[in-house]
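Spelled out, the chains give:
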Amino acid sequence: MATYNMSPVDERLNGRFEMRRAGLIILVVTMLIFVGSANAQTKLSPKWEELTAGDFRDAIARAQGTCLLPFGILEKHGPHMPLGTDLLNVRYVAEHAAQQEYVVIFPEYYFGQIFEARHEPGTVAYSTELQLKLLQETTDEMARNGCKKVIIVNGHGGNENLLPFFAQTQLQKRHDYVLYVQWGHDPTKKVVTQKPGPDWHAGQSETSNMLITHPDLVHLDRANSESGADENRVHLPENVYTAIWWYARFPNHYSGDGSAATKGQGEADVQGWTNAVVHCIQAVKADNESMKLQNEFYDKAEKPLEIKP
Ligand SMILES: [Zn+2]
């Protein structure tokens, strides 16, 4: 076996090579750090809970002070879907909307109106006082942290009375932020439900959405193990309201037929919902009037007699 001894020339060459290699390593590391930090900047998470305190400041600036509060609930969703269906769906939509139009998204929120499902296992129904107080303190805290435009994205039908009322109470006293409620959308293409009658809760439409957002949590084979038919047991004129109406019609807290769900229908609806939220975020970012008029209103409301007609 041949042995090789370094000559002084070899050693000098070897030293120069080592130096050049070290230089190259430093250059590559510097480039990686630079690319990494640029990446971290462009990939700022929209989720409040995933941001560092420093990144949170950048996120609020990038969102122009616009934040989403996706509002879900914990309630039975037929015999075939999880209790958190509304929360899971609304968060899926909010996160996809934020990819198109950047906003900061508040963490999981499910403290809404759901008294009508208290007879079903797994329902969490906070008192009226707590619902209002917690929602107010949540949006106040969001605003204190720079969210001067708070959009509640509603994912739960039972909030239909709570949210307009809550929004209206914002005129009770001065706020340094504007509260918006987003609710409602059209699917990108209309799909006719297969069964006649209402399809309002855990039925074909909502189950289709879950087939897109969380297919692994849907048990389609169980969807027919209970009835979602309209039992229509109270007969009153349409313009008379009573709280037990829902239980009177859908005692299983199930309305429609989840077994008829399809991915195609879910795709059209989730896409339409996402588009509606993106459109809402863009409109809210562009809205400079509401805050101005709110301030003008609070000024007048504090001294109504001083305002000349
Ligand atoms: Zn639901």
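The paragraphs below set out a description of the structure included in this document. Bear in mind that the values here come from a model prediction, so they are computed numbers and not experimental data. (Residues numbered from 1 in each chain as written. Predicted model: local features only at pLDDT ≥ 70, side-chain atom pairs only at ≥ 80, totals over all residues. Heavy atoms only, no water.)

## A word on the pattern of salt bridges
(1) Moving on: Tallied over the entire structure, the rule returns 17 salt bridges.
(2) Moving on: Here K47 makes a salt bridge to E95, at a shortest N to O gap of 3.8 Å. Linking K47 in the loop between α1 (8-42) and α2 (53-62) with E95 in helix α3 (residues 85-100), this pair joins segments that are 48 residues apart in sequence.
(3) Moving on: Residue class for E95 comes out partly exposed when judged on its relative accessible area of 23%.
(4) Moving on: The residue R174 makes a salt bridge to E302 at a minimum N-O spacing of 3.2 Å. One end of the pair, R174, is in the loop between α5 (162-168) and β4 (178-182); the other, E302, is in helix α9 (residues 289-302), and 128 residues separate them in sequence.
(5) Moving on: In this structure, a network of salt bridges that share partners links the residues K47, E49, E50, R91, E95 and E108. (Salt bridge = Lys/Arg side-chain N within 4 Å of Asp/Glu carboxyl O. Helix = DSSP H or I, 4+ residues; strand = E, 2+ residues; numbered from the N terminus. Buried < 20%, exposed > 50% of the residue type's maximum accessible area, 1.4 Å probe, protein only.)

## What about the state of the cysteines?
(1) Moving on: This structure, assessed with the given rule, holds 1 disulfide.
(2) Moving on: Between the sulfur atoms of C67 and its disulfide mate C147 the distance is 2.1 Å. Looking down the S-S bond of the C67 and C147 bridge, the torsion is -80°, so its handedness is left-handed. Here C67, found in strand β1 (residues 66-71), pairs with C147, found in the loop between α4 (128-144) and β3 (149-154); they are 80 residues apart in sequence, far enough to count as distant.
(3) Moving on: Residue C147 is classed as buried on the basis of its relative accessible area of 0%. (Disulfide = S-S within 2.5 Å.)

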